[in-house]
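Report on the structure
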Amino acid sequence: MSLRYLTAGETHGPQLTAIIEGLPSNLTIDFEALNFQLQRRQKGHGRGRRMQIEQDTAQIVGGVRHGRTTGAPVAVVVANNDWKHWTSVMNVEPIEGGDEAKRRVHRPRPGHADLNGGIKYELHDLRNVLERSSARETAIRVAVGAIARQFLANFGIRVAGHVVSIGGIVAPAPNLPIDELIERTEASPVRVVDAETEQRMIALIDQTKTDGDSIGGVVECIVTGLPIGLGSHVQWDRKLDGRIAQAVVSINAFKGVEIGIGFEAANQPGSKVHDEILYTEERGYHRASNRLGGFEGGMTNGEPIVVRGVMKPIPTLYKPLQSVDIDTKEAFSAQVERSDACAVPAASVVMESVVVWEVAKAFLEKFGGDSMEEIKANYENYLKQVAAY
Ligand code: EPS
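Let me sum up the structure you'll find in this document. Predicted, not measured: the structure shown is a model, and the values here were computed from it.

1. Brief notes about empty space enclosed by the protein
Under the definition given, this model contains two cavities of 30 Å³ or more. Taken together, Lys209, Asp213, Thr316, Tyr318, Ser339, Asp340 and Ala341 make up the full set of residues lining the second largest cavity. Looking at the lining of the second largest cavity residue by residue, the classes come out as two nonpolar, two polar and three charged.

Right, dumping it as structure tokens:
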């Protein structure tokens, strides 16, 4: 059985829940490191008032005993602190009262799932759509990704993320070793290395907030320490770069993905795109460059995975956008109560989480076993095979 997970839960419901199936036994869980990832996602300049209410912590309620996985499904819960303000509106049982008591939504917000979801599911209270489509769901995906991250750390695989641009302000390429990149971006409220860019981004986010608008950006994720051969060229749905692309675009508000130099490959001749193959006793096969972002033929080539995602501006705007009331069919201008002006730094953490999950899944497909011991033996055996090639 391959590694998989499902999530459930609404943004103002009691909790977000994930069930992860296919994790091996005897994986040591570092609870502090798990919660650290959740805290990282909550940070970032440009978040709204909701983040002052939430203090995300993960509770594991199945599949782990005395700090180690047992091989059973792992169930993870992240509680919503805001739930206490929504117990009636979000009650699973019927409640008394009309639209106001239910906080019924009949005015779809452009850019959200509201209208499409309402029509598709025949729901006349759009709250039933927006509660689930909210990016709050990314909190539990970060918890799931944190477990994948811990699994991969056993094999020397590391992941980092940083912000490439916000609202058109592009940060200079950091070009740093992964540890330094992690340390420097962690200290930045917009997850960039360059101090001058950081200040300009903060000023733009503040201005955008004052204007009642929102801005998006581009984030990059880097995964190092990979063996050659995760994923496969033999079938379309086994290509790991393709799976990563799907995972990235599945993040709320993400509209695009690039691997390596991405769209720039269209503008360059082949001689400036492909990564020449080198061999030394010490490093074995490796590449003179990494323009293809660690992938050829849907498989890892041993170079770091480099993937970028594009996040559109958050569509919940204080600045009104025109829409149509589903009751009256009349035009109105959407108004909001609270929103984030920019969630790009947080999205960088979410992207790390979904990418690392896909890598863990492919890793288990290749070296799969029921226990960490079995997987480690399979992995070491493969490394010997690669070294002898
Ligand atoms: C979100 C709207 C806001 C954000 C939320 C995502 O929530 P609310 O509607 O409660 O003000 O704060 O993000 C989170 C709660 C989170 O944890 O990231 C949306 O509509 O997507």
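2. Regarding the pairing of strand β15 (residues 305-311)
Among the seven residues in β15, five count as buried, and that is most of the element. Of the pairings in the sheet, the one linking strand β10 (residues 254-259) to β15 comprises five bridges and is antiparallel in character. Each residue of the ladder has a partner; that of phenylalanine 254, found in β15, is methionine 311.

3. Points about the sheet that holds strand β9 (residues 217-224)
If you walk across this open sheet you meet the five strands as β8-β7-β9-β15-β10, and the pairing is antiparallel. Across the chains shown, the open sheet's two edge strands, defined by having one partner strand only, are β8 (169-170) and β10. Across eight bridges, strand β7 (residues 158-166) lies against β9 in antiparallel orientation. Paired with glycine 161 across the two strands is cysteine 221, which belongs to β9. On the sheet, helix α8 (residues 195-210) packs against β7 and β8 and is oriented at approximately 60° with respect to β7.

4. What to know about the nonpolar core
As a rule of thumb, nonpolar side chains are buried together in soluble globular proteins. Ranked by internal contacts, the top residues of the largest apolar core, which has 76 residues, are Phe151, Val355 and Phe363. Counting residues per element, this core draws most heavily on helix α10 (residues 344-367), which supplies 15 residues. Within the second largest apolar cluster, five residues are counted, among which are Ala160, Leu181, Ile222 and Val306.

5. Considerations on unusual backbone geometry
For asparagine 26, which is not glycine, the phi torsion reads 65° and is therefore positive. Position of asparagine 26 relative to the elements: it lies in the loop between β2 (15-21) and α1 (31-42). Phi angles above zero are rare outside glycine, and asparagine 175 is one such case at about 45°. Note on placement: asparagine 175 falls in the loop between β8 and α7 (178-186).

6. Points about the layout of surface pockets
What the largest pocket holds in volume is close to 1,400 Å³. Surrounding the largest pocket, 50 residues form its lining, Arg109, His112, Leu130, Thr316 and Arg338 being those nearest its centre. Taken together, the elements giving at least two residues each to the lining of the largest pocket come down to α2 (50-53), α5 (127-133), β10, β17 (331-333) and α10. Considering only residue class, the lining of the largest pocket consists of 19 nonpolar, 15 polar and 16 charged.

7. Some remarks on the site of the ligand
Taken together, His12, Arg41, Arg47, Arg50, Met51, His112, Ser134, Ala135, Arg136, Arg338 and Asp340 form the complete shell of residues around the ligand. Here an oxygen atom of the ligand and a side-chain polar atom of arginine 41 are 2.6 Å apart. At a separation of 2.7 Å, an oxygen atom of the ligand approaches a polar side-chain atom of arginine 50. More than half of the atoms belonging to the ligand lie within 2 Å of the grid points that define the largest pocket. In the shell around the ligand, the residues fall into two nonpolar, three polar and six charged.

Definitions and cut-offs
- Residues numbered from 1 in each chain as written.
- Predicted model: local features only at pLDDT ≥ 70, side-chain atom pairs only at ≥ 80, totals over all residues.
- Heavy atoms only, no water.
- 1 Å grid on protein atoms, 1.4 Å probe; cavity = no way out; pocket = protein on both sides within 12 Å on 5 of 7 lines; lining within 4 Å.
- Points joined across faces, edges and corners; volume = space filled by probe spheres on them.
- Nonpolar A, V, L, I, M, F, W, Y, C, P; charged D, E, K, R; others polar.
- Buried < 20%, exposed > 50% of the residue type's maximum accessible area, 1.4 Å probe, protein only.
- Helix = DSSP H or I, 4+ residues; strand = E, 2+ residues; numbered from the N terminus.
- Pairing = 2+ DSSP bridges.
- Contact = heavy atoms within 4.5 Å.
- Axes fitted to C-alpha atoms, helices over the stretch in contact; angles between N-to-C directions.
- Core = buried A, V, L, I, M, F, W, Y, C linked by side-chain atoms within 4.5 Å.
- Near = heavy atom within 4 Å.
- Polar contact = N/O pair within 3.5 Å; in protein donor to acceptor, adjacent residues only side chain to side chain.
- Sits in = over half its atoms within 2 Å of the grid points.

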